[in-house]
Amino acid sequence: MTPLPDHAMGTRRFNADPYPFYDRLQVEATVARIPIRFLGQRQAWLVTRYDAAVDALKDSRLAKDRRRAPVPGAEPRPGWVPPLVRPLLSNMLDLDDPDHARLRLLVHQAFTPRRIDALHGRIAALTDDLLDAAAGRGRIDVVADVALPLPATVIAELLGVPAADQRRFHHWSNAMTSVTSTADGLRALPAIWSLARYLRRLIATRRADPRDDLISDLISAHAEGDRLSEDELLAMVILLLTAGHETTVNLIAGGTLALAQHPDQADRLRADPALIGPAVEELLRFTSPVAFATERYATEPLEIAGTAVTPGDLVLVGLAAANRDERHFADPDRLDLGRTPNRHLAFGQGGHYCLGAPLARLEARIAFPALLTRRPELRLAVPPERLRWKRGLFLRGPEYLPLTN
């Protein structure tokens, strides 16, 4: 077991700067055994090197569905799950093929590139409105004023959710994505119940009165006579709602912090707006808004980078660690907005590659230039060490990011 620092993974203190720990692990072992408390698990294999991470993300022997993982010395059976949470087991993120491929095909019919491209004007106008609202205050909290309301509003409008409910949605989704222990999971149950109840009502409304929105399209989506079941539809909407904005909040906030701490790169982007494409890719690599790919379980004996993994073992793929692997990225701790090539793993790899990547990229390509234009200098209003970071194992980003003129 690899000793952790005096602050465990997933805590605010750890998330403030996890990279020294990742650097140490990469020197000691590509795949490290670490102590962890997650969904009843007390230890896991952590993959930290880029090549091994890519292999693990594509390995079908590592199941997303925990129910496929054998328990040593026991008959395979699903663990007890609160009835409230059971419908969420139908979510695409935690399933393997053929179930995963079937759900992905159905949602892809509604979540089309054409629909995403059509959002450009709305995202630009919304970004300007948010910055206008913050302009008179002299100080802006990038998280509360831009990074949160921008993607939350966009995904809510895309799904067909009233704008007045966006704050409640963030509260509910934040409770769900901050789970790092069984106790966290129990505390999140009221939020899950509230969100599920709200969405069931909205889905029923859209069945009776379809609109030009994603929920209505998901209801009608079908392939070869197949449709989403009621539980699958609920799980899909919750997944799109939470993943559709939580990760982008961290990208915009974490990316702005990186630019504030690297003024030469901020000036470089201001001077060359055409650099925004590779700049977003580099900010994705450098900040890794999703620190770990969601959990995987070994379904049979296997090796990862020469390390033997036992059936039933929990495997975590460190996207943030892999994105700073010096074997793959030259000078990986340096922010270089023109970095090329830049085959980062911020959106994962393989069959579970992030479906919302085009939307996140579009929002970031609009938000960063707007912030740089409207804020001549990205100056932090507090020392970096005073920033408060989110709790959680999988997502990483600051809870607030105050800038001053």
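What counts, and where the lines are drawn
Residues numbered from 1 in each chain as written. Predicted model: local features only at pLDDT ≥ 70, side-chain atom pairs only at ≥ 80, totals over all residues. Heavy atoms only, no water. Helix = DSSP H or I, 4+ residues; strand = E, 2+ residues; numbered from the N terminus. Buried < 20%, exposed > 50% of the residue type's maximum accessible area, 1.4 Å probe, protein only. Polar contact = N/O pair within 3.5 Å; in protein donor to acceptor, adjacent residues only side chain to side chain. 1 Å grid on protein atoms, 1.4 Å probe; cavity = no way out; pocket = protein on both sides within 12 Å on 5 of 7 lines; lining within 4 Å. Points joined across faces, edges and corners; volume = space filled by probe spheres on them. Nonpolar A, V, L, I, M, F, W, Y, C, P; charged D, E, K, R; others polar. Core = buried A, V, L, I, M, F, W, Y, C linked by side-chain atoms within 4.5 Å. Contact = heavy atoms within 4.5 Å. Axes fitted to C-alpha atoms, helices over the stretch in contact; angles between N-to-C directions. Parallel < 35°, antiparallel > 145°, perpendicular 65-115°, else oblique. Left-handed = near helix turned anticlockwise from the far one by under 90°. Pairing = 2+ DSSP bridges. pLDDT = per-residue confidence, 0-100.

S.K.: Would you mind going over the side chain of glutamate 232 with me for this structure?
M.R.: As for its position among the elements, glutamate 232 is in helix H12 (residues 230-261). Overall, the relative accessible area of 15% leaves glutamate 232 in the buried class. Within the structure, glutamate 232 has its side chain in polar contact with the side chain of arginine 102 (distance 2.8 Å).

S.K.: Explanation requested: the layout of surface pockets in the structure shown.
M.R.: Empty space among the atoms can be located by rolling a probe the size of a water molecule over them. Considering only enclosed or pocket space, the second largest pocket measures out at about 330 Å³ in volume. Forming the boundary of the second largest pocket are 19 residues, of which Ala16, Leu257, Gln261, Trp389 and Arg396 lie nearest the centre. The set of elements that each furnish at least two residues to the lining of the second largest pocket consists of H12 and helix H14 (276-287). Looking at the lining of the second largest pocket element by element, the count peaks at five residues for H12. Counted by class, the lining of the second largest pocket contains nine nonpolar, five polar and five charged residues.

S.K.: Sorry if this is basic, but what is going on with the nonpolar core here?
M.R.: The nonpolar side chains of soluble globular proteins are, as a tendency, buried together. Among the nonpolar cores identified, the biggest contains 92 residues, and Leu159, Leu199, Leu218 and Leu359 are the most heavily contacted of them. For this core, the leading source of residues is H12, giving 16 residues. Ignoring any residue separated from it by four or fewer positions in sequence, one finds leucine 218 in contact with Val107, Ala110, Leu228, Leu233, Met236, Val237 and Leu240. The next biggest cluster of nonpolar side chains, apart from the first, holds 23 residues, and it includes Val47, Val290, Ala293 and Leu319.

S.K.: I tried to follow the packing of helix H8 (residues 149-159) against helix H16 (residues 357-374) on my own but got confused; where do I start?
M.R.: Angle between the axes and distance between the axes: these two values describe a pair of packed helices. Following both chains from N to C, one finds H8 and H16 inclined at 135°, their axes separated by 11 Å at the closest point. Taken together, the axes of H8 and H16 are oblique relative to one another. H16 is crossed by H8, and the crossing has right-handed handedness. Counting all contacts with H8, which are made through Leu150, Pro151, Val154, Ile155 and Leu158, the residues of H16 involved are Leu359, Glu363 and Ala367. Across the contact of H8 with H16, the residue classes break down as seven nonpolar, no polar and one charged.

S.K.: Mind showing me how you'd approach the sheet that holds strand E10 (residues 402-404) here?
M.R.: Note: strands within a sheet are paired through backbone hydrogen bonds, in either parallel or antiparallel orientation. The three strands lie next to each other as E4-E10-E9, forming an open sheet whose pairing is antiparallel. Either end of the sheet is taken by a strand with one partner, and the two such strands are strand E4 (139-141) and strand E9 (379-380). Across two bridges, the pairing between E9 and E10 is antiparallel. Each bridged residue has a counterpart across the sheet, and for leucine 380 the counterpart in E10 is leucine 403.

S.K.: Just to check I follow, could you spell out the confidence of the model for the chain for this structure?
M.R.: Fine structural detail should not be taken from predicted coordinates in areas where pLDDT scores are low. Overall, the predicted model of the chain reaches an average pLDDT of 88, with 91% of residues at or above 70. Of the regions scoring below 50 in pLDDT, residues 73-78 engages in one contact with residues more than four places distant in sequence or in other chains.

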